[in-house]
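Listed here are the chains, written in short residue letters.
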Amino acid sequence: MLAVRLICVGKLGERFWAEAVREYQKRLSAYCKLEIVELPEQRLPQTPAPGEIARALDKEAAQIEAKLLPGAAVVALCIEGKALSSEQLASWLDELTVSGTSRLCLLIGGSCGLADRVKCRAALRLSMSPMTFPHHLARVMVLEQLYRAMNIAAGGKYHK
């Protein structure tokens, strides 16, 4: 069974986001062993200087790197990433597992995104959309798409 670690910078706030995450955790348990790791977002002033942002991203990158599963394929969620259909994501995951990869790490950065050095480690840079979403919603969206892709690969009826 595929081991999936979702590494998120920032905490889940409102109860409704946590309930949605729990629902997809439950659904995904049939397809993978899912673990969600929350890392603290670095505090920045209201209008941070570029150097302050760079230092914050660097600290967050070190925390992310410490939580990566050894030998895992890394997927970095970033706006400049590749947009895939649900079917394409299912195919990518299928190719990954057929190649012998049994670990996957999905990365969601904080409000300033992900450091370049983290994105460079990614086997896939994935964009959910050219639009910007709050990180809480992005977490729910990536879990839903992961569930949808795994259901497609298993020949399920969730995806229509």
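Our structure's up above, just so we're on the same page.
Keep in mind that what you see is a predicted model, and the values were worked out from it rather than measured.

Considering the environment of Glu-60
Argument step 1. Along the chain, Glu-60 turns up in helix 2 (residues 50-67).
Argument step 2. Along the backbone, Glu-60 and Leu-146 are 86 residues apart, and their C-alpha atoms lie at a distance of 24 Å.
Argument step 3. The contact partners of Glu-60, leaving out residues within four places of it in the chain, are Val-9, Pro-40, Glu-41, Gln-42, Gly-110 and Gly-113.
Argument step 4. Within the structure, the side chain of Glu-60 is placed 3.0 Å from the backbone nitrogen of Gln-42, a separation counted as a polar contact.

Observations concerning the pairing of strand 2 (residues 32-39)
Argument step 1. Judged from the eight bridges that link them, strand 1 (residues 2-9) and strand 2 form a sheet pairing that is parallel. Bridge assignment links Ile-7 to a residue of strand 2, and that residue is Val-37.
Argument step 2. Handedness of the strand 1-helix 1 (residues 15-28)-strand 2 crossover: right-handed.

Examining the nonpolar core
The nonpolar side chains of a soluble globular protein tend to be buried, and buried together.
Argument step 1. Ranked by internal contacts, the top residues of the largest apolar core, which has 32 residues, are Val-4, Leu-28, Val-75, Leu-93, Leu-104, Leu-106 and Met-150.
Argument step 2. Among the elements that line this core, the one with the most residues is helix 5 (residues 135-153), at seven residues.
Argument step 3. With sequence-adjacent residues up to four places away left out, Leu-93 is seen in contact with Leu-104, Leu-146, Ala-149 and Met-150.
Argument step 4. Core analysis: the next-biggest nonpolar cluster, separate from the first, contains 18 residues, Leu-39, Leu-68, Leu-69 and Ala-115 among them.

Focus: the packing of aromatic side chains
Argument step 1. The tally for this structure, following the rule as stated, stands at three aromatic pairs.
Argument step 2. On the numbers, 6.3 Å between centres and 50 degrees between planes, the contact of Tyr-24 with Tyr-147 is tilted. In this pair, Tyr-24 sits in helix 1 while Tyr-147 sits in helix 5, placing the two residues 123 residues apart along the sequence.
Argument step 3. Judged by relative accessible area, which is 13%, Tyr-24 ranks as buried.

The rules behind each value
- Residues numbered from 1 in each chain as written.
- Predicted model: local features only at pLDDT ≥ 70, side-chain atom pairs only at ≥ 80, totals over all residues.
- Heavy atoms only, no water.
- Helix = DSSP H or I, 4+ residues; strand = E, 2+ residues; numbered from the N terminus.
- Contact = heavy atoms within 4.5 Å.
- Polar contact = N/O pair within 3.5 Å; in protein donor to acceptor, adjacent residues only side chain to side chain.
- Pairing = 2+ DSSP bridges.
- Right-handed = clockwise from strand over helix to strand, strands pointing away.
- Core = buried A, V, L, I, M, F, W, Y, C linked by side-chain atoms within 4.5 Å.
- Buried < 20%, exposed > 50% of the residue type's maximum accessible area, 1.4 Å probe, protein only.
- Phe/Tyr/Trp six-rings, centres within 6.5 Å; stacked < 30°, edge-to-face > 60°.

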